[in-house]
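# Summary of structural features
As a plain string of letters, each chain reads:
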Amino acid sequence: MHIAGLQKLTLLDYPGKVAATVFLAACNFRCPFCHNARLVENPKEGERISKEEVLGFLRKRRGILEGVAVTGGEPLIWSETAELLREIKALGFKVKLDTNGSFPERLKEILDKGLCDRVAMDIKASPENYPAAIGLKSFDLAPIRKSIELLKNSGVEYEFRTTLVKGIHEPEEMHEIGRLIEGAEEYYLQAFKDSGELLNAEGLEEFNEAEMREFLDIAKKYVKSVSLRGI
């Protein structure tokens, strides 16, 4: 497992919690709008932090921090992630996991063992548009569908989220996305921002607020709670 970063304080990455964020390198997707390109393309060349250093920091922050968000890259690409979550929870922290949903068996293990308190899963696009959104020529959506159902039936707090990018997404595909996650508790439409570290920024732009609200109005037909994020 490659721990590539530690943000010692965040009020954004874990909703409602004063938290720290642990960044795990590597990902099986190549989303052109990924804002953490350095964690995806050349993780071996980046910063490396030991698990012992992370846990040592967290021990000193007990009673100060409430939670820890574990993100990436794609955290579940590593078989050791479940153990990392277990050790963080053992210190008394709430744990939030970010995932792209492509490793449902590892997600199921984590949910079954109670190793996280909240999961944020990316829904990259409509089924037909998934390959373009994740930068691959083709993709079998079965793992994504399985992860969606796992979360909806888990009893664990969760959210689905889609980063909307002009050049990749169109408002009409929100109907297909809505049907994919229909009945979910929380769904967030996130505004795309160019971090300066994108995998492939060519042709990508952000939607304005009015355009984002067009997506929002469609999504509300399928999900109980839908909100804009980053506007």
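Refer to the structure printed above.
What comes next is a walk through the structure. (Residues numbered from 1 in each chain as written. Predicted model: local features only at pLDDT ≥ 70, side-chain atom pairs only at ≥ 80, totals over all residues. Heavy atoms only, no water.)

### Points about the overall build of the protein
A tally of regular secondary structure across the protein gives eight helices and eight strands. Since a compact globule built from 231 residues should have a radius of gyration of about 17 Å, the 17 Å found for the protein is in line with a globular shape. Overall size of the protein, expressed as C-alpha extent along the three principal axes, is 50 × 40 × 30 Å. A total of 231 residues make up the protein; the buried ones form 53% of that total. Across the protein, every contact between residues at least 6 apart in sequence was considered, and the portion connecting residues at least 24 apart equals 73%. Entry remark: accessible area of the protein is about 10,800 Å², with carbon and sulfur atoms responsible for 46%. (Helix = DSSP H or I, 4+ residues; strand = E, 2+ residues; numbered from the N terminus. Rg over C-alpha atoms; globule rule 2.2 N^0.38 Å. Buried < 20%, exposed > 50% of the residue type's maximum accessible area, 1.4 Å probe, protein only. Contact = heavy atoms within 4.5 Å. Areas by Shrake-Rupley, 256 points an atom, 1.4 Å probe, with all protein chains shown as cover.)

### A word on the nonpolar core
Among the nonpolar cores identified, the biggest contains 70 residues, and Leu58, Phe160, Tyr187 and Leu189 are the most heavily contacted of them. Setting aside residues up to four positions removed in sequence, Phe160 forms contacts with Met121, Ile123, Ile148, Leu151, Lys152, Ile181, Ala184, Glu186, Tyr187 and Tyr188. (Core = buried A, V, L, I, M, F, W, Y, C linked by side-chain atoms within 4.5 Å.)

### What to know about the pattern of salt bridges
Taken as a whole and assessed by the stated rule, the structure comprises 21 salt bridges. Note that Glu109 and Lys113 form a salt bridge whose closest N and O atoms lie 3.1 Å from each other. Using a relative accessible area of 32% as the deciding quantity, one classes Glu109 as partly exposed. Glu209 is paired through a salt bridge with Arg213; the nearest N and O atoms lie 3.1 Å apart. With Glu209 and Arg213 both in helix α8 (residues 209–219), this residue pair falls four residues apart, about one helical turn. With relative accessibility at 39%, the residue Arg213 sits in the partly exposed group. What emerges from the salt-bridge pattern is a single network uniting Lys96, Asp98, Asp122, Lys124 and Arg161. (Salt bridge = Lys/Arg side-chain N within 4 Å of Asp/Glu carboxyl O.)

### Thoughts on helix α4 (residues 104–112)
Among all positions in α4, only Pro104, Leu107, Ile110 and Leu111 are buried. Seen along its axis, α4 keeps its buried residues to an arc of 120°; they face one direction. Looking at the packing, one finds that the buried side of α4 touches α3 (81–90), β4 (94–99), β5 (118–122) and α6 (142–152). (Arc of directions from axis to C-beta.)

### Side note on the state of the cysteines
Here the structure, examined in full by the defined rule, presents zero disulfides. Cys31 takes part in no disulfide bond, and the closest cysteine sulfur, belonging to Cys27, lies 6.3 Å away. In this structure Cys31 comes out as buried when scored by relative accessible area, which is 6%. Unpaired in terms of disulfides, Cys34 finds its nearest cysteine sulfur in Cys31, a separation of 6.4 Å. (Disulfide = S-S within 2.5 Å.)

### So, the sheet that holds strand β3 (residues 67–71)
Reading across the sheet, the eight strands line up as β1-β2-β3-β4-β5-β6-β7-β8 and stay open at both edges, with mixed pairing between neighbours. A single partner strand is all that each edge strand has here, and the edge strands are β1 (3–10) and β8 (225–229). Direction aside, neighbouring strands of the sheet carry axes that sit 20° apart on average. Sheet topology places strand β6 (residues 157–164) next to strand β7 (residues 186–191); five bridges connect them, and they run parallel. Its bridge partner being in β7, Thr162 is matched across the sheet by Leu189. Its contacts with the sheet place α3 against β2 (19–24), β3 and β4, and it is angled at close to 170° to β3. Sheet strands touched by α8: β6, β7 and β8. Its angle to β7, the strand with the most contacts, is close to 165°. (Pairing = 2+ DSSP bridges. Axes fitted to C-alpha atoms, helices over the stretch in contact; angles between N-to-C directions.)

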